[in-house]
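This is what each chain is made of:
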Amino acid sequence: MSTRSRGAALLAALLLVALATAIAYAITFDTGLTLRRAAGASGQDQAQLLAGGVEAFAADVLVRDRPSGTTQLSQTWAQPLGPLEISGDEVVTAAMDDLQGRFNLNALVDAQGKIDPFAVSVFENLLRNVGLETRWAAAIADWIDVDDQAYDQNGAEDALYTTLTPAYRAANRALVSPSELLALHDFGIERYARIAPYVTALPRSVPINLCTAAGPLLDALTGEEQWTRAPDALRKNRERNCFPTKETFRLQFADATRHTRIVGSFGVAERSDWFALRTLAAVGSTEFSLYSLLHLEDRPEGAQARVLTRRFAE
Ligand SMILES: [Ca+2]
Ligand SMILES: [Ca+2]
């Protein structure tokens, strides 16, 4: 064999080895990926099942708390669950929120879809109490109200939104989610994060539960500054019972007219039908988070908690 052909044979052998290595690597890599994918999918399924179990458990807790007649923070539903280790690498964490302890943005308009100026003034108080500018109250009211006329100099309708890039239009209907606040021009995620724990988007006529209403909301209603800076005092009053009861709340008003307007614009209650459940289920390194909107209904056969909406994040 000439030097030349020996060289060619060596090169061919080296090429074959290189190819074989590449193929072997590709096979190993693909098998590894397939295995990981399979493990991920089964972990995901398991995590979803766990979250579904927690949801059923939460619904049951709500039904069990129902006969007490009030919905208050000392009850079982209000106690956060976990982190709870189910077995080895399965962990769940969950917490339930009473949505009637929040300001219902859909109450900014009346039954005809017209802005309720008193409700706007209460929302301005709430914005102020959480450290935001009061001007956003008019903007969100215009977003919801049926007409196309700006409420005041702080209002915003299509005349503004259609000039933006990209252009869009006001919803002019009840909110489906409080996250629609992010549609307001320049509102931004930071303001949203600050107001989000205090607002909700429920049917307009759902009343505020005084026993679970946050301090800044109670203060927004009374027009005073009693609880915003004293959350511990409010918590203490709620350790065992509903506080304030409808009667205690009424007595807080020096001006009875304001109390009547609160009842007229929002309605007040000592129990709730609307709850949000947040569940995080982890199986190994796979996580699954579930948001469930629960509605408690009284039926002839007893109370029942129905899931109206579910949102997932993996
Ligand atoms: Ca409008
Ligand atoms: Ca308007």
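The shown structure was predicted, so the numbers you read here are calculated from the model rather than taken from an experiment. (Residues numbered from 1 in each chain as written. Chains lettered and ligands numbered in written order. Predicted model: local features only at pLDDT ≥ 70, side-chain atom pairs only at ≥ 80, totals over all residues.)

Participant: Can you explain the confidence of the model for the protein chain? Please cite residues and give values.
Facilitator: For the protein chain, per-residue confidence averages 90 on the pLDDT scale, and residues scoring 70 or more make up 87% of the total. Counting contacts from residues 13-19, a segment whose pLDDT is below 50, to residues more than four positions away or on other chains yields 0 contacts. (pLDDT = per-residue confidence, 0-100. Contact = placed C-beta atoms within 7 Å.)

Participant: Got a sec to walk through the nonpolar core? Specific residues and values, please.
Facilitator: A general tendency of soluble globular proteins is for nonpolar side chains to be buried together. Judged by nonpolar contacts, the single largest core of 70 residues is most densely connected at Leu108, Ile140 and Ala141. Those elements that place two or more of their residues in this core are helix H1 (3-65), strand S2 (90-98), helix H2 (117-129), helix H3 (136-144), helix H6 (215-222), strand S7 (274-283) and strand S8 (286-299). If we ignore the near neighbours within four places in the chain, the residues touching Leu108 are Ile115, Asp116, Ala119, Val120, Phe123, Ile140, Ala141 and Ile144. (Core = buried A, V, L, I, M, F, W, Y, C linked by C-beta atoms within 7 Å. Buried ≥ 20, exposed ≤ 12 C-beta atoms within 10 Å, placed from the backbone. Helix = DSSP H or I, 4+ residues; strand = E, 2+ residues; numbered from the N terminus.)

Participant: Residue-level account of the sheet that holds S2, with values.
Facilitator: If you walk across this open sheet you meet the 5 strands as S1-S2-S7-S8-S9, and the pairing is antiparallel. Either end of the sheet is taken by a strand with one partner, and the two such strands are strand S1 (81-87) and strand S9 (302-313). Direction aside, neighbouring strands of the sheet carry axes that sit 25 degrees apart on average. Of the strand pairs in this sheet, S2 and S7 are connected by 9 bridges, and their pairing is antiparallel. Following the sheet pairing, Glu90 is matched in S7 by Val283. (Pairing = 2+ DSSP bridges. Axes fitted to C-alpha atoms, helices over the stretch in contact; angles between N-to-C directions.)

Participant: So, unusual backbone geometry: which residues are in play, and what are the values?
Facilitator: The general pattern is negative phi for most residues beyond glycine and trans for most peptide bonds. Cis geometry marks the peptide bond from Thr165 to Pro166, where omega comes out at -5 degrees. In this fold, Pro166 is placed in the loop between helix H4 (158-161) and helix H5 (188-195). Here the phi dihedral of Asn172 falls at roughly 55 degrees; this positive angle occurs in a residue that is not glycine. Even without being a glycine, Asp186 presents a positive backbone phi close to 75 degrees. Mapping Asp186 onto the fold places it in the loop between H4 and H5. Here Asp186 falls in the exposed class, since 9 other C-beta atoms lie within 10 Å of it.

Participant: I'd love a proper account of the packing of H2 against H6, names of residues and values included.
Facilitator: Relative orientation of the contacting elements H2 and H6 amounts to 140 degrees, with a least axis distance of 8 Å. By the angle between their axes, H2 is oblique relative to H6. H6 is crossed by H2, and the crossing has right-handed handedness. On H6, the residues touching Val122, Asn125, Leu126 and Asn129 of H2 are Pro216, Leu217, Asp219, Ala220 and Leu221. Residue classes in the contact of H2 with H6 are distributed as 6 nonpolar, 2 polar and 1 charged. (Parallel < 35°, antiparallel > 145°, perpendicular 65-115°, else oblique. Left-handed = near helix turned anticlockwise from the far one by under 90°. Nonpolar A, V, L, I, M, F, W, Y, C, P; charged D, E, K, R; others polar.)

Participant: Can you tell me about the pairing of S1, naming the residues and giving the values?
Facilitator: Little of S1 sits inside the fold, with 0 of its 7 residues counted as buried. Examined bridge by bridge, S1 and S2 share 4 bridges and lie antiparallel to one another. Considered in S2, the bridge of Leu84 is made with Val92. Between S1 and S2, which pair antiparallel in sequence order, lie 2 residues; one of them, Gly88, sits at a positive phi of approximately 45 degrees.

Participant: Account for H3, with residues named and values stated.
Facilitator: Within H3, 9 of the 9 residues are buried, which leaves it mostly tucked inside the rest of the structure. Taken together, the buried positions of H3 are Trp136, Ala137, Ala138, Ala139, Ile140, Ala141, Asp142, Trp143 and Ile144. Where H3 is buried, its residues meet H2.

Participant: Break down the packing of H2 against H3 for me, with residues and values.
Facilitator: Packing of H2 against H3 leaves a shortest axis separation of 8 Å and a crossing angle of 130 degrees. As judged from the angle between their axes, H2 and H3 are oblique. Crossing geometry of H2 relative to H3 is assigned as right-handed. Contacts between H2 and H3 pair Val120, Phe123, Glu124 and Leu127 from the former with Trp136, Ala137, Ala138 and Ala141 from the latter. Residues of the contact of H2 with H3, tallied by class, amount to 7 nonpolar, no polar and 1 charged.

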